[in-house]
Each structure stands twice: as structure tokens, then as C-alpha cells.
Amino acid sequence: MSRRLTVSPSVAGSAPGTPRSRPPVGVLALQGDFREHAAVLTSLGADVVFVRRPEEVAQISGLVIPGGESSVIDKLARSFGVADAVVARIRGGMPVYGTCAGLILLADRVQGGIRGQQSFGGLDVSVRRNAFGAQTESFEAELDVPVLGEPPMHAVFIRAPVVTELGPKATALASLGDGTVVAVQQGGVLGTSFHPEMTGDTRFHQYFLDTVTARSSGG
Ligand code: GLN
């Protein structure tokens, strides 16, 4: 399923006027709602690769890290031997988008993790897991996201993390009414506390794919 033909960039981009091949986008497919992300990305015309092994990390130009359970994804990523490859690509500037558990995995600092829980890092933020507690495990909100324009995004939060500290390298993209930051960006690294893959609003995925395309064509 994860095998794909690769087209060498020198061939794909050779003749003037020939459309470039689409840069392949990975979805980390160890646990969580990776199928939903793949469906959204495919609907937007992306060439999707399910990523479970280091060889697959080498093929991709961008990576989505799904919602799920961050401690499980962390453990599986390390035991499948894919974590170091992901960290190296993020440090090398590959665009990455994480939703919910994916945001936790992209945070440089995690509060409320299980013992020994690690993250890939890439966002100069602290996030708190399960920040809304047992009283408010799930809720929905209309969020203004200025980089996406109008209308506000209908956002679904499920045992969601929040950004508790925004370091100088990261920018807030959206906040709840009380100022709690729930979407962040740092260069090509993007994270949301909520799940656009579940609501049919494809603007965050399109924003991410635009970043992948811009960066893989040297923009
Ligand atoms: N609470 C989960 C975690 O800590 C995240 C929940 C989600 O991805 N919907 O990983």
C-alpha cells in the first residue's frame, strides 16, 4: 500500500511547460485518524504516502501527523524506527502539520505527558495535554483564523491540548475567546489543537499543501 513509483525530479521537471509532478505528502499512519487526513489530502489532489518506516520518510515532501493518542504514536514511532527520520526531516525544514495529538508531537515542550513521553519537536511552544479536563472533554467552537480568511472555522476539540507558552519563534494563528492559543505556525511547521480533518473544511490542509508546494519548488 505504501509503495509508490518515484519520479526523479530531473525527469519530472525536464521539458519546459511540462507540469511538475506533485510533491508526495506523507501521513504518519501508526495510530489515530490518519485515514481521514489521507482522504482530505487526496480530495485536494495530493499524492499521499502512508508513513510507517524510515524509507517512506525519505520519499515525502511534507508530513501530516494525525489526531489520536500522542503517547502511543510516540512509542510506536520509536519502536518502528521512524522517529529519528521524522525528527531529522523536520529539522531539515520539511513542512509538517499536526492536529491534536499531532500538535503535541510537534511541540518542543509537553506538559502532562506520560512518563518518558517524547515529542519530535519543531514548534517552539509548550502544550498541555488534555487541557480541558474531564468536565469538557469535547466541544466545538467557531474560530477566527486570519490566515485562512472568512468565514470562521468550525473547530472540533476532542481531549484537546492547548498551547500554554508561545516561544519567540512561533506565531499564534488562532485563539479561543479567552485568548487560549489553539493553532500555531513556525515556518513550515503547523499545529492545531482541533481536527479540520473531521469537519469537511479543507482550508488548513490546503494551506499546508501550499506550503509544501512552495518549499519543494524552492519558493
Ligand atoms: N489527548 C490526546 C493526546 O494526548 C489527543 C487527543 C486527540 O488527538 N484527539 O494525545
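One numbering rule holds for all chains: residues counted from 1, following each sequence as written. With pLDDT at 70 or above as the cut-off, local features in this predicted model cover only qualifying residues; side-chain atom pairs require 80 or more to be listed or tallied, and sums for whole chains, interfaces and linings still use all residues. The basis for every side-chain value is the complete set of heavy atoms in the structure, and neither hydrogens nor water enter the calculation.

A. Region of interest: the pattern of salt bridges. A side-chain nitrogen of Lys or Arg and a carboxyl oxygen of Asp or Glu constitute a salt bridge if their distance falls within 4 Å. Summed over the entire model, instances satisfying the criterion amount to eight salt bridges. A salt bridge links Arg109 to Asp124; the nearest nitrogen and oxygen atoms lie 2.9 Å apart. Of the two residues, Arg109 sits in strand E5 (residues 107-111) while Asp124 sits in strand E6 (residues 123-128), which places them 15 residues apart along the sequence. By relative accessible area, which is 30% here, Arg109 ends up partly exposed. The residue Asp201 makes a salt bridge to Arg203 at a minimum N-O spacing of 2.8 Å. When a residue's accessible area, from a 1.4 Å probe over protein chains only, is under 20% of the maximum for its type it is buried; when over 50% it is exposed; and in between it is partly exposed. Given a relative accessible area of 17%, Asp201 falls into the buried group. In DSSP terms, a helix is any run of H or I states spanning at least four residues, a strand is any run of E spanning at least two, and both are numbered starting from the N terminus.

B. Looking closely at the site of the ligand. Taken together, the residues surrounding the ligand are Gly67, Gly68, Glu69, Ser70, Cys100, Ala101, Ile104, Arg129, Asn130, Ile158, Arg159 and His195. Within 3.5 Å is the distance limit for a polar contact, defined as a pair of N or O atoms, with the added protein rule that one can donate a hydrogen and the other accept it, and that residues adjacent in sequence qualify only through two side-chain atoms. The separation between a nitrogen atom of the ligand and a polar main-chain atom of Arg159 is 2.9 Å. In the shell around the ligand, the residues fall into four nonpolar, five polar and three charged. One heavy atom within 4 Å of a molecule or strand is enough for the residue carrying it to be called near that molecule or strand. In this classification, the charged set is Asp, Glu, Lys and Arg, the nonpolar set is Ala, Val, Leu, Ile, Met, Phe, Trp, Tyr, Cys and Pro, and all remaining amino acids, among them Gly, are polar.

C. Highlighting the pairing of strand E10 (residues 171-175). Any two strands with at least two DSSP-identified bridges between them are counted as paired. Both E10 and strand E11 (residues 181-186) contribute to a ladder of four bridges, which runs antiparallel. By the bridge assignment for E11, Ser175 is matched with Val181. Turn length for the E10-E11 hairpin, with the two strands adjacent in sequence and antiparallel, is five residues, and the turn residue Gly179 shows positive phi of about 95°.

D. Inspection of the side chain of Asp74 at higher detail. Checked against the element boundaries, Asp74 lands in helix H4 (residues 70-79). Note on Asp74: relative accessible area 3%, which makes it buried. Of note is the side chain of Asp74, whose polar atom sits 2.8 Å from the side chain of Arg78. Those residues in contact with Asp74 that sit more than four places away from it in its chain are Leu105, Gly116, Gln117 and Gln118. We call two residues in contact whenever any of their non-hydrogen atoms come within 4.5 Å of each other.

Limitation: the analysis is restricted to geometry and does not speak to function.
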